[in-house]
Structure formats: C-alpha cells, structure tokens
Amino acid sequence: MEIILPISTSSFLEAFDSRLTISLLALLFTAVLGFRRFTKNPNNPLNLPPPPGPRGLPILGNLLEIPSDRYWLKFDEWIQEYGPIVSINLAGKPVVLLGTPKVAADLFGISAIYSDRPRWILAHDILSKGMHIGVMPYGEKHRRFRKATHAGLGPKALSSYHPIEEREARIYLKEVSNNPKDFRNSVKRYTAAVILATMYGHTVTTFDSDKYVKSIFASAARFAGSLAPGEFLVDVFPWLRYIPSWVPGAGWKKKAAEWAEDDYNLFTTMREDARVNAAKQTSFISQGLGNAYGVDDVELAYIGGIITQTPDTLMSVSSGFMLAMTRWPEIQRKAQEEIDRVVGRKRFPVFQDSVNLPYVTAIVKETCRWRPVAPLSVPHASSKDDVYMGYFIPKGTTVISSIWSIHRDPETYPNPDEFIPERFLDENMNEVNTKESKAFGHHLYGFGRRFCPGATMADHAIWVFAAHVLWALNLEREKDEFGNDIIPDVRPEMFTSGGEASHPLPFKCNITLRPGVQEFLDEIELPQAGA
Ligand code: HEM
C-alpha cells in the first residue's frame, strides 16, 4: 500500500496562512486539549512522564522544527538524541516515535492496543468511502477486510502467481534490451503488470498504452497526497468537512469528491474486467465475487483497488536494487556467479531457485533495509492509555515506527550506510535473521496486526525481478569524459521525498545484455493490446 507521510510543514503553513482566524482559534483549542492528554490525564494518577523529546513551542509544539523534505532524517536525529522512544507534539497532536526493532516489536507486536490508525477524514471517510483497509480503524470491519485480503495471498495463491511474475520479468528484460534508457518506466510496467494480472487477470501492454497503468499510479499518488494533513486542513479541523464547498477556501471538497468518484469508477471497472477475464484467467478478484470472501462486490472492488496502489512501493524497491547493483559492481558480480553456478546459462531463473540462491535473497533483504521505501511505515494509533518503560502514552496517540532509524540500529545493523548482503548470512551461507523481524530480516513491511498482508507476495515479486536482472543484464556505471566511472550518488538526499514511496532520483546506468541472453529474448513476444 501507499506510504503515509504524517505532515508537510511548509504546505501546512501555506494552507494555514490562507485560512480564517477561526483556524487559529481551533488550533489553539486542539493544542491545549492534545497537550493536556499528554500531561494531565486522570488515567495517569502517578503522573508518569511522556517519553522524552524536544521541547517545542507552546502551541505549535515541534511542528516548525520538521522539514518538509525527508523528515525521517529529523526524526532520526531526535531518536539519536533522546533514545529509542521519543515523544513530539504536532500542534497539539501527541506523536510517539519508535527507533529500534525492540521497542517497535514490543509496542506493536504484543497487544492490540497499537493496532488502530490515526483518523484521516479525507483519505478514509471521503476518498475511499470508508473502505481503505490500510487507513480504517481497527475493529470488526478491518478484520473482515483483512480476512478477505488474505484469501488472495495465501501460499497456494502465491505459488500460482510465480509464473506470472516470471513472465513479466522476462518481458521487462525484453523491453529494457530494446530501450535501455527507459528502464525506469519498464520497472513500473513490471510491477503494475504483476498486480493487475494476479488481481484481475488483466494483461498489461506497455507502460504508455495500457488502459489502467497510468490511472493506478495516479490514484496511488492522489491517495498518498491526501494523507499529508498539511495538504488538507480538514484533517486538522474535522469540522471543516461540514462547510459548504462554495465557501472560499472549501474548494478542496469538490476536488475530493471528484477524486473519490474517479477511484470508485476505476475500482469497479477493474472488478468488472476481472469478471470477464475469468473466462481466460481467474484472479483474486474474480474468485471473490458474490461474497465468496465475506465482503460484498463494492467492498471487493475497494480491496482490489487498494492493492493496485502497491506497484509504487514495488517499483521503488526494484529501482533501489538497480541503483545498489550499479553502485557496488563487486556485489553484482558475486550474485551473478552464484546464479550462473546454480541456474546455469541454459534457462531463465525461476522462483523455486530461491532456496539455492541465498546470496541473491540476501541482496533483496539488504535492498529493503538499506534505503527503506517506507521510511516511516504507516502510522499506528493507540486505542487505550498505556505505560511503557515507565512512560505514559495516552489513548489516541499517533505512534510511528521510524523504519529509517530501526534499519540503522547499530546493534542489529552495523555500518548501516554500507550495502552488506552478508549481514543476513552466516559463514555457511545459511540465513541469519533477527528475533524481531524473523524470516524477512528487516521491517519494511511493518509490525503487529497491521503488518503488510502482501509482504510475501511483494518479496517474491522483487526476488523474481532481481534474479532475472542479475541473470540477464550487466548494470554498469557510465563513464565521464575522461573515461572514469561515474559513481552513483547514494546519499539519502538522492532519494525522493513526498507522498509516493521513497525511491532513487534518476541515476545513470549503462545496461547491456550478458552473453547468450539475446537468443532467449528473441523467443519472447511482447503483449499486444486486446490480448
Ligand atoms: C515493496 C512493497 C510493499 C511495501 C514496502 C509495503 C509496506 C507496507 C507497510 C509498511 C504497511 C503498513 C504496516 C503497518 O502498519 O505496520 C502495509 C500495509 C498494507 N499492505 Fe503493503 N507493502 C508492499 C506491498 C504490498 C502488496 C503487494 C500488497 C497486496 C498484494 C500490500 C497490501 C497491503 C495492505 C492491504 C495493507 C494494509 C494492512 C492493514 O492496515 O491492516 N502491500 N504495507
């Protein structure tokens, strides 16, 4: 699913400037109430302190200290300064940051207290008509939606998706060999094609010509944007939703209604396509029609539609992998040697090879850890007052697992800026995982009862992509005018920040085919429109 960005200070302030004085009063009111929740709470008779954190201003709290770009880096600074659990105050909203695998697993993994979500009026109530599983409150409806989602993501379903992932990875190779400079759009096509084929039985043509690909990326971007409360004041002052759209400043209502309608039309049209496609290829959605998963057909359309918002995250991990392989050619060579030894040069790799390719698997894990595409995951919210490590955390607190910091915890992941697949392997090439992350080895897919239900599918799709790239392509650095390698810049600043999943900014990469690959690609037919 899309990655949630909790605040955007600059846009918050721009929007704020343009509003009426009443906004200021409401902010003051919210701030006072919110702050009281942290300090004077009758359920906190011992007057336990909140977790430590930066002091902030009287009303705005720490809001102005948060940069509009890559604010996970600021959160990380606070975690380094105050410890693994930090509290901040965003204009009266209590927010807790979790900075190590242990505290995140302790809070999110054990009880259900932290399984709720903050209230997103625009994203939840308006845009997705209360049917976005990723932002809905924890409760009966969420459980029903989650059960339905799992129906399409169990082991049997996942193994039926492997041939689709393999087919699409080979189409990616063919596309890239025809047009290496456009490798980024080809990665997008790969991820969208996997999701649309498995979820709807829809075969994607090209990135530019397919009838759905651009729409699903656009829908995902709109949804992610709607989650930044600074963009839409209604999430700060819920009563604004009752202001008629003709009132100056309430134009967002019309826009939001149009977006909601566009999503409804897109999701129901794709669902109907799945019904038709089922004659040739059954899919997760076609099998769930008629209440087969315990959700009605409109709910099913939303479950499918929300899953189609995930190619952005898959694309981001896959692009990060391409960047890392270009930056560290010696790691690329080592993985190619493993693949050539195990798979050979007479066939493409398949997912079943993964058990015999531990180094490739370790590269996928390290890609997810090194530059997490969801640096702040998706915020959780507490549904009860709680005490942890002697700190009081009131009900309704937004709790953010700072994956950026968690993936840099020096005890678990030493030298975090280095790309070291070996950290997930012992000397016999057996997998080494951490107590908290189990088989994944990292925390990109979240924690506890809101853990990403698509994690294994995503992991397999990325693995298949990586194995095909390593088997078929050489990713080389471009040369400067003097013939020297241009070493890709991989600092955190070279990754996007904003509503979308964080991925590398455009980088130079010279893609060539490895020996003997062309004849395999000659056999592959690119899908045609209407196929
Ligand atoms: C690299 C790809 C992906 C990443 C990085 C990712 C990451 C995440 C994260 C961080 C969460 C929130 C976890 C939490 O709150 O603790 C989440 C939730 C979710 N993800 Fe993914 N995801 C990916 C792919 C997928 C795929 C392929 C699917 C479906 C096939 C999927 C379906 C969902 C759903 C339905 C939720 C909402 C769960 C809930 O709130 O109960 N995701 N994902």
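Everything quoted here is computed from the prediction, not taken from an experiment.

Undergrad: Please clarify how the site of the ligand should be interpreted in this entry.
TA: As a structural note, the neighbourhood of the ligand is formed by 28 residues, with Thr313, Gly446, Arg450, Cys452 and Gly454 the closest of them. For the shell around the ligand, the secondary structure elements donating two or more residues are α6 (140–151), α12 (297–307), α13 (311–327) and α17 (455–472). For the shell around the ligand, the element with the most residues is α13, which contributes 3 residues. Across the shell around the ligand, the residue classes tally to 18 nonpolar, 8 polar and 2 charged.

Undergrad: Explanation requested: the sheet that holds strand β1 (residues 85–90) in the structure shown.
TA: An order of β1-β2-β6-β3 is seen for the 4 strands of this open sheet, with the pairing classed as mixed. Both outer strands of the open sheet, β1 and β3 (380–381), are each paired with one neighbouring strand and no more.

Undergrad: Just checking my understanding: could you explain the nonpolar core for this structure?
TA: Formed by 133 residues in total, the largest nonpolar core has its most connected members in Leu97, Leu98, Ile303, Val360, Ile462, Ala466 and Ala467. Residue contacts for Leu97: discarding those within four places in its chain leaves Phe75, Trp78, Ile79, Val86, Ile88, Ile400 and Ser402.

Undergrad: Can you help me understand the packing of helix α14 (residues 329–342) against α17 in this one?
TA: How two helices sit against one another is set out by the angle between their axes and by the gap between those axes. Close contact between α14 and α17 brings their axes to 9 Å; oriented N to C, the two are set at 90°. Overall, the two elements α14 and α17 adopt an arrangement that is roughly perpendicular. Here Gln332, Ala335, Gln336 and Ile339 of α14 lie close against α17, whose contacting residues are Ala467, Leu470 and Trp471. Partitioning the contact of α14 with α17 into residue classes produces 5 nonpolar, 2 polar and no charged.

Undergrad: Is there a simple way to explain the packing of helix α8 (residues 183–200) against α13 in this structure?
TA: Where α8 contacts α13, the two axes come as close as 9 Å, and the packing angle between them is 135°. On the basis of the axis angle, α8 is oblique to α13. Note on packing geometry: the crossing formed by α8 with α13 is right-handed. Counting all contacts with α8, which are made through Arg184, Val187, Lys188, Thr191, Ala192 and Ile195, the residues of α13 involved are Pro311, Leu314, Met315, Ser318 and Ser319.

Undergrad: Explain helix α10 (residues 252–277) here, please?
TA: Owing to its 3.6 residues per turn, the α-helix brings residues three or four apart onto one side. The end-to-end C-alpha distance of α10 is 37 Å, a good match for the 38 Å that 26 residues give at a rise of 1.5 Å each. Restricting attention to buried positions, one finds in α10 the residues Trp252, Lys253, Ala256, Trp259, Asp263, Phe267, Met270, Arg271, Ala274 and Asn277. Against α5 (121–127), α8, α9 (213–226), α11 (284–288) and α12 lie the buried residues of α10.

About the thresholds
- Residues numbered from 1 in each chain as written.
- Predicted model: local features only at pLDDT ≥ 70, side-chain atom pairs only at ≥ 80, totals over all residues.
- Near = placed C-beta within 6 Å.
- Helix = DSSP H or I, 4+ residues; strand = E, 2+ residues; numbered from the N terminus.
- Nonpolar A, V, L, I, M, F, W, Y, C, P; charged D, E, K, R; others polar.
- Pairing = 2+ DSSP bridges.
- Core = buried A, V, L, I, M, F, W, Y, C linked by C-beta atoms within 7 Å.
- Buried ≥ 20, exposed ≤ 12 C-beta atoms within 10 Å, placed from the backbone.
- Contact = placed C-beta atoms within 7 Å.
- Axes fitted to C-alpha atoms, helices over the stretch in contact; angles between N-to-C directions.
- Parallel < 35°, antiparallel > 145°, perpendicular 65-115°, else oblique.
- Left-handed = near helix turned anticlockwise from the far one by under 90°.
- Expected span 1.5 Å × (residues − 1).

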